Amino acid sequence: MATALRCFRHLPPLFYRSSFATPRGLPRAPAACPALLLDDCRQPVHQMLLTRQLATKKAKGKGQSQARVNISAALVEDIINLEETNEEMQAVVEALKEDFSRNLSVRTSPGVLDHVVVVTKDGKFPLNQLGQISQKSPQLILVNMTNFPESTAAAMKAIRESGMNLNPEVEGTLIRVPIPKVTREHRESLAKLAKQYTNKSKEALRKVRSKSVNQVKKFKNKVSEDTIWLLEKQIQQMADSTTVEMDKLLAAKTKELLG
């Protein structure tokens, strides 16, 4: 008993230095504390650290900025893979960048039609898999549908509904796509489309967040309430950070489009 008391005399200072920002775990056992005893106490100490972290955050007044939660992934790897969650959120950002790059260009080139999705009776295909795309002049793009003539009408519809302000014309299996002049109206139309892409990406992000939170809640009967609360907070902060990143991308793209 005396040995145990000597061990726990060393614990209060550890609380003030505790942080979930690094996976270093607990400090080494004090010289007067047998390693075996500290091992036995390791789990309760982790729980006490979690509780203190939570109490500090709950004590903050309403409207005050709260310190960011940063839980070591190693401590919760049996509950959820936070690195995997972060990768899924970043994948949403990369998809948004791809949409911006492919579909939102003031200067129209043959490449912008490559990934226009054409819906056919056999499924959905990018336009460049169905037709041969070329640029006859700076004001005209041609799409040769000789290889898939039955998909010509579907390709016409896909180009018209692509959101790029294009009005294709058909001559047999040849689709002529006049390139419109870059007007202020066209720029504003592209900026609105950028907003739509961003909102769609935010919806995808919310799905990733919800899936991760639901994964955490599956363990509510196996781990403490404090641990669940901290994990949900961590996931929400990751989602908030990703949302800010997408908003910055949208602002930059809007500035580029509107000139």
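None of these values were measured; they are calculated from a predicted model.

Q: Explain the overall build of the protein to me, using residue names and the numbers behind them.
A: For the protein, the count of helices and strands is eight helices and six strands. Listing every helix and strand of the protein by position from the N terminus yields α-α-α-α-β-β-α-β-β-α-β-β-α-α. Scored against the burial criterion, the 259 residues of the protein give a buried share of 34%. In the protein, of all internal contacts separated by at least 6 residues, the share reaching a separation of at least 24 is 65%.

Q: Run through the sheet that holds strand β4 (residues 140-144), naming residues and quoting values.
A: Taken together, four strands build an open sheet; the order of strands is β3-β4-β6-β5 and the sheet is antiparallel. The sheet is open, and its two edges are formed by β3 (132-137) and β5 (169-171), each paired on a single side. Each strand axis lies, on average, 25° off the axis of its neighbour in the sheet, ignoring direction. Direction of pairing for β3 relative to β4: antiparallel, over a ladder of five bridges. Bridge pairing in β4 places Q135 opposite I141.

Q: Outline the pattern of salt bridges, supporting the account with residue identities and numerical values.
A: The tally for this structure, following the rule as stated, stands at seven salt bridges. With a shortest N-O distance of 3.6 Å, R184 and E188 are connected by a salt bridge. Of this pair, R184 and E188 both sit in helix α7 (residues 184-217), separated by four residues, roughly a single helical turn. For R184, a relative accessible area of 48% puts it in the partly exposed group.

Q: Give a detailed account of the packing of α7 against helix α8 (residues 225-258), specifying residues and quantitative values.
A: Relative to each other, α7 and α8 sit at 170°, their axes nearing to 10 Å. Classified by the angle between their axes, α7 and α8 sit roughly antiparallel to one another. Of the residues in the contact of α7 with α8, the class split is 14 nonpolar, seven polar and ten charged.

Q: I'd like a rundown of the pairing of β4, residues and numbers included.
A: In the case of a regular strand, side chains alternate between the two sheet surfaces. Counted residue by residue, β4 has four buried out of five residues, so it is predominantly covered. The turn joining β3 and β4, which pair antiparallel and follow one another in sequence, is formed by two residues. As defined by bridge partners, β4 adjoins strand β6 (residues 174-178) across five bridges and the pair is classed as antiparallel. Bridge pairing in β6 places I141 opposite V177.

Q: Before we move on, could you go through the environment of N144 and cite the residues and values that matter?
A: Turning to its location among the elements, N144 is positioned in strand β4. Remark: the alpha-carbon pair of N144 and G131, spanning 13 residues in sequence, is separated by 5.2 Å. Once you skip the residues sitting within four places of it in the chain, N144 turns out to touch L130, G131, Q132, T173 and L174. A polar side-chain atom of N144 sits 2.4 Å from a polar atom in the side chain of T146.

Q: Lay out the packing of helix α4 (residues 82-103) against α8 with the relevant residues and their values.
A: With their axes 11 Å apart at the nearest point, α4 and α8 run at an angle of 15° to one another. In terms of orientation, α4 lies roughly parallel with respect to α8. For the pair α4 and α8, the crossing hand works out as right-handed. Listed contacts from α8 to L82, T85, N86, M89, Q90, V92, V93, L96, K97 and F100 of α4 are L231, Q234, I235, M238, A239, T242, E245, M246, L249, L250 and K253.

Q: Just give me the short version of α8, but keep the residues and values in it.
A: Residues spaced three or four apart along an α-helix point in a common direction, a consequence of the helix completing one turn every 3.6 residues. Under the 1.5 Å per step criterion, the end-to-end length of α8 is 49 Å for 34 residues, consistent within 8% with the ideal 50 Å. Backbone geometry just after α8 places G259 at a positive phi near 75°.

Q: Any chance you could break down the side chain of S151 for me, citing the residues and the numbers?
A: Its place among the elements puts S151 in the loop between β4 and α6 (152-160). For S151, a relative accessible area of 6% gives the class buried.

Q: Any chance you could break down the confidence of the model for the protein for me, citing the residues and the numbers?
A: This prediction gives the protein a mean pLDDT of 78; 69% of its residues lie at or above 70. Predicted confidence is poor over residues 1-63, with pLDDT under 50, and the contacts of this stretch with residues over four places away or in other chains come to 55 contacts.

Q: Please give an account of the nonpolar core that cites residues and values.
A: Of all hydrophobic cores here, the largest spans 27 residues; its most connected members are I80, L82, M89, F100, L104, L231 and I235. At the level of secondary structure, the elements contributing two or more residues to this core comprise α4, α7 and α8. Setting aside anything within four residues of it in sequence, one finds L104 in contact with D99, L190, L193, A194, Y197, K253 and L257. V112, L113, I141 and V143 belong to the second-largest nonpolar core, a separate cluster that totals 18 residues.

What counts and how
Residues numbered from 1 in each chain as written. Predicted model: local features only at pLDDT ≥ 70, side-chain atom pairs only at ≥ 80, totals over all residues. Heavy atoms only, no water. Helix = DSSP H or I, 4+ residues; strand = E, 2+ residues; numbered from the N terminus. Buried < 20%, exposed > 50% of the residue type's maximum accessible area, 1.4 Å probe, protein only. Contact = heavy atoms within 4.5 Å. Pairing = 2+ DSSP bridges. Axes fitted to C-alpha atoms, helices over the stretch in contact; angles between N-to-C directions. Salt bridge = Lys/Arg side-chain N within 4 Å of Asp/Glu carboxyl O. Parallel < 35°, antiparallel > 145°, perpendicular 65-115°, else oblique. Nonpolar A, V, L, I, M, F, W, Y, C, P; charged D, E, K, R; others polar. Polar contact = N/O pair within 3.5 Å; in protein donor to acceptor, adjacent residues only side chain to side chain. Left-handed = near helix turned anticlockwise from the far one by under 90°. Expected span 1.5 Å × (residues − 1). pLDDT = per-residue confidence, 0-100. Core = buried A, V, L, I, M, F, W, Y, C linked by side-chain atoms within 4.5 Å.

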